[in-house]
Amino acid sequence: MMADVPLSRESFRRLHPIGVPRPVSQVPDRVWTEEEWDRIRHGARAGSMDEKWNVFVEGDVLFMHRSWTGHGVYEVSFTRAAGPGRRIASAVVEGDAQRYRNMGDAYDCLILELITSAVVLGSGPWNSGPVWSS
């Protein structure tokens, strides 16, 4: 169940910012509804060692950190869509190969949508649902 208070930077013990930001040239061409944006804003916390992502929002920026190391991997800026909802305006990924092995912009585009939709929103058959703050 979703808590009333969204996760924030302070919700996590250790977080490290992206050391070498690299722009992602290809982002998902999708509009998330306002209801989905409200859920995204609540973030997600890895519930076990098998889950890989801690996610939170500051303003209109979605931060995705690896749960084991606390290293920032993606920072995703959202903006209002032409109609109702939100879309991704831009994103950066960790460019330091010691922190994150990059597979290219098409891969990053897919992972951005997968983490947002599956990990945070809990959509898809591969996920039983997000782990909300308590």
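Use the structure listed above.
About the cut-offs
Residues numbered from 1 in each chain as written. Predicted model: local features only at pLDDT ≥ 70, side-chain atom pairs only at ≥ 80, totals over all residues. Heavy atoms only, no water. 1 Å grid on protein atoms, 1.4 Å probe; cavity = no way out; pocket = protein on both sides within 12 Å on 5 of 7 lines; lining within 4 Å. Points joined across faces, edges and corners; volume = space filled by probe spheres on them. Nonpolar A, V, L, I, M, F, W, Y, C, P; charged D, E, K, R; others polar. Salt bridge = Lys/Arg side-chain N within 4 Å of Asp/Glu carboxyl O. Helix = DSSP H or I, 4+ residues; strand = E, 2+ residues; numbered from the N terminus. Buried < 20%, exposed > 50% of the residue type's maximum accessible area, 1.4 Å probe, protein only. Phe/Tyr/Trp six-rings, centres within 6.5 Å; stacked < 30°, edge-to-face > 60°.

**Topic: the layout of surface pockets**
There is about 280 Å³ of room inside the second largest pocket. Lining the second largest pocket are 15 residues, with Arg13, Arg14, Asn54, Ser67 and Trp68 sitting closest to its centre. Class assignment of the residues belonging to the lining of the second largest pocket gives a composition of five nonpolar, five polar and five charged.

**Observations concerning the pattern of salt bridges**
Inspection of every chain in the model, using the stated rule, returns 10 salt bridges. We note a salt bridge from Glu58 to Arg9, for which the minimum N-O separation is 2.9 Å. With Glu58 in strand β2 (residues 53-58) and Arg9 in the segment before β1 (21-23), this pair connects stretches of sequence that are 49 residues apart. Residue classification places Glu58 among the partly exposed residues on the basis of a relative accessible area of 32%. Overall, Arg9 belongs to the partly exposed group, its relative accessible area being 30%. Residues Arg80 and Glu34 are paired through a salt bridge, measuring 3.3 Å at the closest nitrogen-oxygen approach. Placement of Arg80 in strand β4 (residues 72-80) and of Glu34 in helix α1 (residues 34-42) is noted, with a sequence separation of 46 residues between them. Taken together, the salt bridges that share partners define one network made up of Glu34, Asp60, Arg80 and Arg86.

**As for the packing of aromatic side chains**
Throughout the structure, instances matching the rule amount to six aromatic pairs. Consider the rings of Phe12 and Phe56, whose centres lie 6.0 Å apart with planes at 40 degrees: the pair is tilted. One end of the pair, Phe12, is in the segment before β1; the other, Phe56, is in strand β2, with 44 residues separating them in the sequence. With relative accessibility at 9%, the residue Phe12 sits in the buried group.

Everything listed is a geometric property; what it means functionally is a separate question.
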